[in-house]
Amino acid sequence: YYGSATEIDLRGMDLGIIQKYAFFGSILEKVYLPSSVKYIHPEAFEWCFELKQIIVEEGQKDRFRLMLPAKMGKFIVEEKSYPTPCCDPDNDLPF
């Protein structure tokens, strides 16, 4: 990641692996990860001194804690996931 944002949301992606140095030296403070992640390289967040939170879906904290180096475990935060509504409540369609 070479952007200048302090927050990145990857939840909509079908992401299985986070490679070595994926966020190396970024100024990210908050990263939202999808539950599809199966492996995070131990050095994926190397030199990310501004990182404060790695947000994962509710019930996924322990699984992500096992994927990350011990020093990163303190950054993992669970967040409830809310399903996207199927319909626009302001829409006047008859269904």
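Please refer to the structure placed before this passage.
Quick summary incoming for the structure in this document. Note that the structure is predicted; figures quoted are calculated from it, not measured. (Residues numbered from 1 in each chain as written. Predicted model: local features only at pLDDT ≥ 70, side-chain atom pairs only at ≥ 80, totals over all residues. Heavy atoms only, no water.)

Brief notes about the overall build of the protein
Helix and strand counts for the protein stand at one helix and six strands. Starting at the N terminus and walking to the C terminus, you meet the elements of the protein as β-β-β-β-β-α-β. Within the span of the protein, comprising 95 residues, buried residues form 33% of the whole. (Helix = DSSP H or I, 4+ residues; strand = E, 2+ residues; numbered from the N terminus. Buried < 20%, exposed > 50% of the residue type's maximum accessible area, 1.4 Å probe, protein only.)

Some points on the pattern of salt bridges
Scanning the entire structure with this criterion turns up three salt bridges. Two residues, Lys20 and Glu43, come together in a salt bridge whose shortest N-O distance is 3.6 Å. Residue Lys20 is found in the loop between strand E2 (17-18) and strand E3 (30-32), and its partner Glu43 is found in the loop between strand E4 (39-40) and strand E5 (53-57); the two are separated by 23 residues along the sequence. Taking the relative accessible area as the measure of exposure, Glu43 reaches 27% and is therefore partly exposed. (Salt bridge = Lys/Arg side-chain N within 4 Å of Asp/Glu carboxyl O.)

Let's talk about a nonpolar patch on the surface
Together, Tyr21, Phe24, Trp47 and Phe49 make up an exposed nonpolar region whose accessible area comes to about 510 Å². Within the secondary structure, Trp47 sits in the loop between E4 and E5. (Patch = residues over 30% accessible without salt bridge, like charges linked within 9 Å, V, L, I, M, F, W, Y side chains within 5 Å. Areas by Shrake-Rupley, 256 points an atom, 1.4 Å probe, with all protein chains shown as cover.)

Details of the environment of Glu43
With 23 residues separating them in the primary sequence, Glu43 and Lys20 have C-alpha atoms 5.2 Å apart. Residues within four places of Glu43 in sequence aside, it is in contact with Lys20 and Tyr21. A polar side-chain atom of Glu43 sits 3.2 Å from a polar atom in the side chain of Tyr21. (Contact = heavy atoms within 4.5 Å. Polar contact = N/O pair within 3.5 Å; in protein donor to acceptor, adjacent residues only side chain to side chain.)

Structural measurements only, silent on function.
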